Amino acid sequence: MSKQSLLGLVPSMGWNSWNTFTWDINEQLIREVADRFVTEGYKEAGYEYIVIDDCWSLKQRDAEGRLVPDPEKFPSGMKTLADYIHGKGLKFGMYSCVGTHTCAGYPGSFEHEFQDAEQLAEWGVDFLKYDYCFKPRHISGELLYKRMSLALKNCGRNILFSACNWGEDGVYQWIRESGAHMYRSTGDIQDNWDSIKKLALSQLDKQCYTGSFCHNDLDMLVVGMYGGSNNDFIGRIGGCSDVEYRTHFALWSLMGSPLMIGCDIRSANQATKDILLNPNLIAINQDPESRGAYRIKPEPQWFHTDEVFMLVRVLADGDLAIGFFNLSDGQREISLQFWDLGLPFASGFSLSLKDCWTNEELGVYTERFAPTVPAHDCLVVRAKLVRR
Ligand code: GLA
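Residues numbered from 1 in each chain as written. Predicted model: local features only at pLDDT ≥ 70, side-chain atom pairs only at ≥ 80, totals over all residues. Heavy atoms only, no water.

1. Re the site of the ligand
Around the ligand, 13 residues are found, and the nearest of them are Asp-53, Asp-54, Lys-129, Asp-131 and Asp-188. For the ligand, an oxygen atom lies 2.8 Å from a polar atom in the side chain of Asp-131. Arg-184 places a polar side-chain atom, nitrogen or oxygen, 3.1 Å from an oxygen atom of the ligand. The protein chains hide 93% of the 310 Å² of surface that the ligand would expose on its own. Tallied by class, residues from the shell around the ligand come to seven nonpolar, no polar and six charged. (Near = heavy atom within 4 Å. Polar contact = N/O pair within 3.5 Å; in protein donor to acceptor, adjacent residues only side chain to side chain. Areas by Shrake-Rupley, 256 points an atom, 1.4 Å probe, with all protein chains shown as cover. Nonpolar A, V, L, I, M, F, W, Y, C, P; charged D, E, K, R; others polar.)

Here it is, written out as structure tokens:
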């Protein structure tokens, strides 16, 4: 076995401070999130990483060139915070940037990559989100991700490398080879339906660029935010309905995106918890084979719109995960011909369907299943092949 154990086999699950808190972060908040992970069932459901995003450091490095945590926000220091999180059986994530500065103007890791990686290892960090702002123009992003990847792989600690270049510069062509375990493929999510829809649609034809050890990251979840961000760009004027949040979670789950919660879980309501903790959806997302999903467009052909489609994931145990998505503004019947799954009538198999949201057994179907799906909603089923 190599000096590092395997990271990134399946998409990461965790929480990130940015969507709700942006600059308004401190160690008390992070500790409380860690506490809730344990007491509210997030840890048990598989959520693991607690990640501090931008705005955690001072604006200047120290005399030795080291990053310095802001003593007002993190008076006990990062090592103590990491110990606290590890004490709960969880993992600790932090944030930096390929450029001279982070997106919010704090020091970035450019030309400090190896020093910073060692520092993170010393603090006990397990995950690094690595952003793309203030990148010097004369150097390619590809090279800078390779640099940090090497630095992390040789810093003496297992640190999951989460690249965040928003899908720029042909990232699909080089990110896996660079060593990153996941990569942001889109611009920043906002807490509204249009943003969710736009991000998901933009990656439907990129499912061949996701899989074990390098997952396509559709950005942190906005489930449960209801417009409650201190950053106007993300959501003060936004917010979604629970149905929309549920569809958002289903899209991210089926498309194999990392599931990084972005709401304030300390005040999450039951609807939010039911979405984020749904074991069937999580099992699809965390399927050990981590295959991308394929899209089927429903019949009739003339009724085609990009906003109504099925996503199918081939699961390790031979089941299929099938999502019927209606992102359009009106109710739609979405008709699935099993032929399109590779299951002709002559196979002798039918499909036994279970509703992943409700756990309800929907029955055994042959050749065709055509649910009616309300606007902005989805039905996700786990389909088992049964002999007729
Ligand atoms: C970029 C990233 C966001 C967040 C901010 C922090 O916009 O895409 O996810 O990390 O920077 O400044």
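Having seen the structure, we can now continue with the description.
2. Regarding the pairing of strand S5 (residues 160–164)
Counting buried positions along S5 yields five of five residues, so the element is predominantly enclosed. Following the chain from strand S4 (residues 127–131) across helix H6 (residues 141–153) to the adjacent parallel S5, one finds a crossover that is right-handed. Summarising the sheet, S5 and strand S6 (residues 182–184) pair through three bridges and their orientation is parallel. Directly across from Ala-163, in S6, lies its bridge partner Tyr-183. (Buried < 20%, exposed > 50% of the residue type's maximum accessible area, 1.4 Å probe, protein only. Helix = DSSP H or I, 4+ residues; strand = E, 2+ residues; numbered from the N terminus. Right-handed = clockwise from strand over helix to strand, strands pointing away. Pairing = 2+ DSSP bridges.)

3. So, the domain arrangement of the chain
According to the domain assignment, the chain contains domain 1 (13–285) and domain 2 (294–387). Just the C-alpha atoms count here: the centres of domain 1 and domain 2 sit 32 Å apart. Tallying the contact residues gives 24 residues for domain 1 and 22 residues for domain 2. For the pair domain 1 and domain 2, the two sides together bury roughly 2000 Å², of which 67% comes from carbon and sulfur. Broken down residue by residue, the surface that domain 1 buries against domain 2 is led by Arg-246, Leu-254 and Ile-284, which jointly contribute 30%. Here domain 1 is connected to domain 2 by two salt bridges. Among the ionic pairs, Arg-246 bridges to Asp-377, the shortest N-O distance being 2.7 Å. The interface formed by domain 1 and domain 2 contains ten residue pairs in polar contact (both at pLDDT 80 or more). (Domains from an automatic or database assignment. Contact = heavy atoms within 4.5 Å. Buried area = accessible area lost by both parts, 1.4 Å probe. Salt bridge = Lys/Arg side-chain N within 4 Å of Asp/Glu carboxyl O.)

4. Section: helix H8 (residues 193–203)
The complete set of buried residues in H8 reads Trp-193, Ser-195, Ile-196, Lys-197, Leu-199, Ala-200 and Gln-203. Structurally, H8 contributes buried residues whose contacts are with strand S7 (215–217) and helix H9 (242–254). Taking the backbone nitrogen of Asp-194 as reference, a side-chain oxygen 3.3 Å away marks Asn-192 as the first, capping residue of H8.

5. Digging into the state of the cysteines
Enumeration over the complete set of coordinates arrives at one disulfide. Between the sulfur atoms of Cys-103 and its disulfide mate Cys-133 the distance is 2.1 Å. Across the S-S bond of Cys-103 and Cys-133 the torsion is about 95 degrees, and the bridge reads as right-handed. Taken together, the residues span a long stretch of sequence, with Cys-103 in the loop between strand S3 (91–97) and helix H5 (113–123) and Cys-133 in the loop between S4 and H6 at a distance of 30 residues. When its relative accessible area of 16% is taken as the criterion, Cys-133 is described as buried. In this model Cys-97 remains outside any disulfide bridge; the closest cysteine sulfur is found in Cys-103, 5.0 Å from its own. Left unpaired, Cys-155 is separated from the closest cysteine sulfur, that of Cys-214, by 18 Å. Exposure remark for Cys-155: the relative accessible area of 13% places this residue in the buried category. (Disulfide = S-S within 2.5 Å.)

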